[in-house]
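Coordinate analysis (summary)
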Amino acid sequence: MRNELGIATAGILLMMVAAPAQSQTTGGQGSNHGTPMQQTPAGSAAGVRAAPLPDREFVAAAAVANRFEIQSAELALDRAGDAKLKEFARMMLTDYKAALAELETAAKEAGVAFPPEPGLDQTHATKIAALERRKDPVEFDQAYRTDQIHAHQQAVTLLETYQRIGAMEPLRVWAAKTLPAVKKHLVVLNTMN
């Protein structure tokens, strides 16, 4: 039973990471807009709560999210046409490099293996490749901004979920510390139209 819950939770996490890419390519049709950890796995009886997010999957998802932010910000500094977006990218580099280092420390304290570099999953690697293909600054800016909004929405969900139901105190503390900055980034993004 425990193994089945772990597999179901990992599947939910993968859906959370892949959902924005699916939403972006399909125009949002048929995508599930609820937060993954607020949903119960398919086939569960009504009223059954989702299993806690396993610590290893949380660390892996958070590391991927931070590494994606760093790589996409580096691209934005090189290719963005909007000065405000470049300023935002500088903030992303500073904030996410620090957050990634702090996550690694928290993972060690919690006894959870930290994923090695380069550490992007297929979904995020595809997004980076798509950004790299954008040569026009206006098109790049639009794609970067859209990716950032989706990524920050996912990060808020991930951090809030782990902070609420995660098992390891050092990781819950990291999630609680990181969450306000992620929410601030989302506010800044939403004002850049």
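Residues numbered from 1 in each chain as written. Predicted model: local features only at pLDDT ≥ 70, side-chain atom pairs only at ≥ 80, totals over all residues. Heavy atoms only, no water.

With that settled, the discussion passes to the packing of aromatic side chains. Going through the model one piece at a time under the given rule, you end up with four aromatic pairs. Note on Phe 58 and Trp 174: the rings are 6.0 Å apart at their centroids and 70° apart in plane angle, and the pair reads as edge-to-face. Taken as a pair, Phe 58 in helix H2 (residues 55–79) and Trp 174 in helix H6 (residues 169–191) lie far apart in primary sequence, 116 residues in all. Geometrically, the ring pair formed by Phe 140 and Tyr 144 is stacked, given 5.9 Å between the ring centres and 10° between the ring planes. In this pair, Phe 140 and Tyr 144 are both assigned in helix H5 (residues 137–165), four residues apart and thus about one turn of the helix distant. The exposure classification of Phe 140 matches that of Tyr 144, with both residues buried. Feature note: the residues Phe 58, Tyr 162 and Trp 174 constitute an aromatic cluster, connected by ring pairs. (Phe/Tyr/Trp six-rings, centres within 6.5 Å; stacked < 30°, edge-to-face > 60°. Helix = DSSP H or I, 4+ residues; strand = E, 2+ residues; numbered from the N terminus. Buried < 20%, exposed > 50% of the residue type's maximum accessible area, 1.4 Å probe, protein only.)

The end-to-end C-alpha distance of helix H4 (residues 122–133), which contains 12 residues, comes to 16 Å, matching closely the 16 Å that a straight helix rising 1.5 Å per residue would cover. Where H4 is concerned, the buried positions are His 124, Lys 127, Ile 128 and Leu 131. Viewed along the axis of H4, the buried residues span an arc of 100°, placing them on a single side of the element. Along H4, exposed side chains directed more than 90 degrees from the buried face belong to Gln 122 and Arg 133. (Expected span 1.5 Å × (residues − 1). Arc of directions from axis to C-beta.)

Between H5 and H6, whose axes approach to 9 Å, the crossing angle comes to 150°. The pairing of H5 with H6 is recorded here as roughly antiparallel in orientation. Every pair of crossing elements has a handedness; the one defined by H5 and H6 is left-handed. Class assignment for the residues of the contact of H5 with H6 results in 13 nonpolar, seven polar and four charged. (Axes fitted to C-alpha atoms, helices over the stretch in contact; angles between N-to-C directions. Parallel < 35°, antiparallel > 145°, perpendicular 65-115°, else oblique. Left-handed = near helix turned anticlockwise from the far one by under 90°. Nonpolar A, V, L, I, M, F, W, Y, C, P; charged D, E, K, R; others polar.)

Taken as a whole, this structure holds six salt bridges when the rule is applied. Across the salt bridge formed by Arg 145 and Asp 82, the nearest N and O atoms sit 3.4 Å from each other. Taken as a pair, Arg 145 in helix H5 and Asp 82 in the loop between H2 and helix H3 (83–110) lie far apart in primary sequence, 63 residues in all. Look at Arg 145 and you get buried, because its relative accessible area is 16%. (Salt bridge = Lys/Arg side-chain N within 4 Å of Asp/Glu carboxyl O.)

Structurally, the position occupied by Asp 147 is in helix H5. When the C-alpha positions of Asp 147 and Lys 127 are compared, they lie 7.8 Å apart, and in sequence the two are 20 residues distant.

Generally speaking, soluble globular proteins have nonpolar side chains that are buried together. Phe 58, Tyr 144, Leu 171 and Trp 174 are the most contacted members of the largest nonpolar core, which totals 45 residues. Of all the secondary structure elements, the ones that give two or more residues to this core are H2, H3, H4, H5 and H6. Ranked by residues supplied to this core, first place goes to H3 with 13 residues. (Core = buried A, V, L, I, M, F, W, Y, C linked by side-chain atoms within 4.5 Å.)

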